[in-house]
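Here's the letter readout for the chains.
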Amino acid sequence: MSKVVFVSYSNVSFLKTLSQDGFIDGFANALARLGNEVCCFLTNRVFIKEIESNIINAKPDVIIAFNNSGITENVIKNTNCPILCFGSDSVSFWAKSDLIEKYFSRYYFLHHSTDTYSQAKEIFKNFPEDKNFMFSHATDLRKIDIEQDIPISFVGSIGNWDKSGVEYFKRMSKAVEFLPEKYPYNMNEIKAKYISHINDILNNPLTVIKEELPLWRKFASVPYKQSLITNVICLKRFSVLRELEDLSIKIFSYPEAMVDVLTYDINLFNSFDFTTSTTLEDNTITYNRSKISLNLPHAHAQNGFSWRVCEVMASNAFLLSDYRPDLDRLMKPYFKDFPMYHNSKEAYELAKKILKDDKYRLDLVEASNKAIEENCRFEPRIKQIEELIKVKLVYDDKKQGSVDRNSYLSLKLSDREYQNIQKSSKKISFVNKIRYQIWCKLTEKLTKKKII
């Protein structure tokens, strides 16, 4: 049996206990069914030294690092196995690209679609062609027959959790206004450049932005390219979600982002469901409860699609997706004109039609289920990876392996940490304390002088 180490960063960082993405969890389950020992590490809430020692001490035969998360020079120098960088996001989100370039000989790239493949080719120009593997799409989610009491669902991020653009423009405009000698910039010119970059990505999702706004790194907390992508995601997704408000949509997302919506769209806020739907088990229930489940547009995907697409298609829900060429090709043999939308109006009309026509919906679900079973399960992909990296991953004796998730299940905030968070949230910040003291002194002086 081979020892496979998974390293990833969990986007589900808003819960007391972390959970791994359903795609990664399913991948680990499939490797275990084929006889491997899998250790899963999350880089959230863990010091770099601890991640390094965990990976090194596991003595892996293969490391699969999603977005190259958790890989350091110490890890590379103290292991001798292949490192498979799985592009779970745009290459702009990959960690430690300098290490990839320095240690090309250790790396393989796994791609969902030509999107990350074309980006990787442009950024890592000397990376060997034969070490790129088109993993394509897969899921371990299964259909279960339960009551479908949700007309339409969406599970995932809506993009408004990232406030770095707002943060930058607030701070930059204040700096330009109050310190023009130090910051001699024209805010309208900066605004125009930002909007131009947003439109570049809207018009061509694979655009590589090669410049950033002045002093972005000083006044914003998220890298510029990532912030642009997130902003475009938010613009596209809100457009569709707002259109579907009156069709009883339920949205399962990041709580802080959901609360943010109530200030400007109370109907959309009413569509949010605070029930947790983050793990493979959670999503199995959510998707199978839904008659329709959405895939929303992504800023940096032109051909491919997200992990949720195959999960929905493996369930009893009909997948309502924006147009994806890869999805069109996948479904052609099973349903010639598989319906997808190109804009928010089309999304609404399609959803309304499918909710009214049970037979049409069930025919689409049946075709989707068949496409998944014949094309999108992990086992065939794992066999191909075995041939690529020359490490045995498929065992003839079918002996069940194991998945060790203890390393991240223990990554939970303690009750004391939660109490500290509660206390700190009630504290007045240092800056506001100073402001308060100045205000008190000033009030006292002005009162004595009978000015107030």
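Residues numbered from 1 in each chain as written. Predicted model: local features only at pLDDT ≥ 70, side-chain atom pairs only at ≥ 80, totals over all residues. Heavy atoms only, no water.

**Thoughts on the overall build of the chain**
So the rule is basically this: Segments assigned H or I by DSSP are reported as helices when at least four residues long, segments assigned E as strands when at least two residues long, and all are numbered from the N terminus. With a 1.4 Å probe rolled over the protein chains alone, any residue whose accessible area is under 20% of its type maximum counts as buried; one over 50% counts as exposed, and the rest are partly exposed. Only heavy atoms enter the contact rule, under which two residues are in contact if any of them lie within 4.5 Å. To be clear on the numbers: accessible area is Shrake-Rupley with a 1.4 Å probe, and residue cover counts the displayed protein chains and nothing else.
What the chain contains, in helices and strands, is 20 helices and 11 strands. For the chain, the residues scored as buried account for 51% of the 452 residues in total. Of all intrachain contacts in the chain linking residues separated by at least 6 positions in sequence, the fraction that spans at least 24 positions is 71%. Carbon and sulfur atoms make up 52% of the accessible area of the chain, which totals about 22800 Å².

**As for the side chain of Ser164**
Convention followed: Whenever two N or O atoms come within 3.5 Å, that pair is a polar contact, provided that in protein one can donate a hydrogen and the other can accept it, and provided that, for residues adjacent in sequence, both atoms are side-chain atoms.
If you trace the backbone, Ser164 turns up in helix α6 (residues 164-178). A relative accessible area of 1% means that Ser164 is categorised as buried. Within polar-contact distance, the side chain of Ser164 engages the side chain of Asp162 at 2.7 Å. If sequence neighbours within four positions are ignored, Ser164 has contacts with Trp216, Ala220, Ser221, Val222 and Ser227.

**Remarks on the packing of aromatic side chains**
The line we're drawing: Pairing of aromatic side chains here covers Phe, Tyr and the six-membered ring of Trp, requires ring centres within 6.5 Å, and sorts the geometry by plane angle: under 30 degrees stacked, over 60 edge-to-face, intermediate tilted.
Across all of its chains, the model carries 29 aromatic pairs by this definition. Summarising the aromatic geometry, the rings of Phe23 and Phe27 are spaced 6.2 Å apart at their centres and angled 65° between planes, so their arrangement reads as edge-to-face. Taken together, the positions of Phe23 and Phe27, both in helix α1 (residues 22-33) and 4 residues apart, correspond to about one turn of that helix. We classify Phe23 as buried; its relative accessible area is 2%.

**With respect to the nonpolar core**
Convention followed: The term nonpolar core refers to a set of buried residues drawn from Ala, Val, Leu, Ile, Met, Phe, Trp, Tyr and Cys, joined through side-chain atoms within 4.5 Å.
Counting residues in hydrophobic clusters, the biggest one holds 53 residues, and the most contacted among them are Leu241, Leu294 and Leu327. When residues in this core are grouped by element, the largest group, 6 residues, is from helix α16 (residues 358-375). Those residues within four positions of Leu294 in sequence are excluded, and the remaining contacts are Ile152, Ser153, Phe154, Leu241, Leu244, Ile249, Arg308 and Leu320. Counting 29 residues, the second largest nonpolar core, distinct from the first, contains Ala28, Ala30, Leu31 and Leu84.

**With respect to the packing of α1 against helix α17 (residues 378-389)**
Quick reminder of the rule: A fitted line through C-alpha atoms serves as each axis, taken over the contacting stretch for helices, and the angle formed by two N-to-C directions is quoted from 0 to 180°. Here is the rule for angles: anything less than 35 degrees is roughly parallel, anything more than 145 is roughly antiparallel, 65 through 115 is roughly perpendicular, and the remaining ranges are oblique. Classification used: nonpolar for Ala, Val, Leu, Ile, Met, Phe, Trp, Tyr, Cys and Pro, charged for Asp, Glu, Lys and Arg, polar for all others including Gly.
Put simply, α1 and α17 touch, their axes get as near as 10 Å, and they point 70° apart. Taken together, the axes of α1 and α17 are roughly perpendicular relative to one another. On α17, the residues touching Phe23, Gly26, Phe27, Ala30, Leu31 and Arg33 of α1 are Phe378, Glu379, Ile382 and Ile385. In terms of residue class, the contact of α1 with α17 is built from 7 nonpolar, 1 polar and 2 charged.

**Brief notes about the environment of Val155**
One can find Val155 in strand β7 (residues 150-155). A relative accessible area of 7% places Val155 in the buried class. Expressed as a C-alpha distance, the spacing of Val155 and Tyr254, which sit 99 residues apart in the sequence, is 9.5 Å. The residues contacting Val155, other than those within four sequence positions of it, are Phe252, Ser277, Asn283, Thr286, Tyr287 and Arg308.

**Let's talk about the sheet that holds strand β9 (residues 290-295)**
Quick reminder of the rule: When DSSP finds two or more bridges between a pair of strands, those strands are recorded as paired.
The 4 strands are arranged β8-β7-β9-β10 in an open sheet whose pairing can be described as parallel. This sheet does not close on itself; its edge strands, each paired only once, are β8 (249-252) and β10 (318-321). Going across the sheet, the axis of each strand differs from the next one's by a mean of 30°, ignoring polarity. One ladder, built from 3 bridges, connects β7 with β9; its direction is parallel. Looking across to β9, one finds that Ser153 is bridged to Ser293.

**Focus: the state of the cysteines**
Applied cut-off: Our working definition of a disulfide is a cysteine sulfur pair at a distance within 2.5 Å.
Taken as a whole and assessed by the stated rule, the structure comprises 0 disulfides. The thiol of Cys310 is unpaired, and the distance to the nearest cysteine sulfur, on Cys376, comes to 4.0 Å.

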